[in-house]
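Coordinate inspection notes
Listed here are the chains, written in short residue letters.
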Amino acid sequence: SKILLYNYAMMGGTPREVLERLNDTICKKNDDSMFVTVWFGIYTISTGIITAANAGHAYPIIKRGENGFEILKDRHGFVIGGMSGLKYRDYEFKMESGDVLFLYTDGVTEATNLNEELYGEERLQKVLDIYKDATPETICAEVKIDVDKFVGEAPQFDDITMLAIRYKGTEN
């Protein structure tokens, strides 16, 4: 799925179009009924505009200016590989100088400790707010440290992947 997504993205088109091609291709050869969630965005650095589409992936989290992080409740489409012929929807938002976009897999919020408690979005947001002025690398590292501390000795059952982007503006 990663290779197909990369190839379709390089062919061009909007995020919606890329996800629709990806979904139809994966559905053709999906005898095991496997699926993948995808948040796909095209980031125009010169303007700060991100055009994105979401196929069942976790909500992006954004920090605007000096404010704390907030969940960007985008419109989810169905997961990739779940059903052929699906349509996805593009949406846009603009990053301003100093804004931070945080993307993550559900392995972060669904990390479970020995008491079978979930890490959750609320805890994630609190950690993000503590490090809201840190570098993107530090933000991801500190979230991972907090997830590991929360989970303790419980086994990890899902991937934990994160990406943070700070927009410095057009003058930088």
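1. Re the pattern of salt bridges
Using the criterion set out here, one finds 6 salt bridges in the structure. For Asp-99, the salt bridge is made with Arg-64, and the minimal N-O distance between the two is 3.3 Å. Here the residue Asp-99 occupies a position in the loop between strand S6 (91-94) and strand S7 (100-104), and Arg-64 occupies one in the loop between strand S3 (61-63) and strand S4 (69-71), the gap between them amounting to 35 residues. Taking the relative accessible area as the measure of exposure, Arg-64 reaches 27% and is therefore partly exposed. Taken together, the shared-partner salt bridges in this structure form one network comprising Arg-16, Glu-17 and Glu-20.

2. Some words on the pairing of strand S2 (residues 49-55)
In terms of residue burial, S2 counts as a mostly covered element, since 6 of its 7 residues are buried. For strand S1 (residues 38-44) and S2, the ladder comprises 7 bridges, and the chain directions are antiparallel. Within S2, the residue paired with Tyr-43 across the bridge is Ile-50. Where S1 folds back on S2, the antiparallel hairpin that results is connected by 4 residues, among which Gly-48 adopts a positive phi of roughly 80 degrees. Judged from the 4 bridges that link them, S2 and S6 form a sheet pairing that is antiparallel. Across the sheet, Ala-52 pairs through a bridge with Tyr-91, a residue of S6. Here S2 runs beside strand S5 (residues 76-77); their pairing, made up of 2 bridges, is parallel. Residue pairing across strands places Ala-55 opposite Gly-77, the latter belonging to S5.

The rules behind the values
- Residues numbered from 1 in each chain as written.
- Predicted model: local features only at pLDDT ≥ 70, side-chain atom pairs only at ≥ 80, totals over all residues.
- Heavy atoms only, no water.
- Salt bridge = Lys/Arg side-chain N within 4 Å of Asp/Glu carboxyl O.
- Helix = DSSP H or I, 4+ residues; strand = E, 2+ residues; numbered from the N terminus.
- Buried < 20%, exposed > 50% of the residue type's maximum accessible area, 1.4 Å probe, protein only.
- Pairing = 2+ DSSP bridges.

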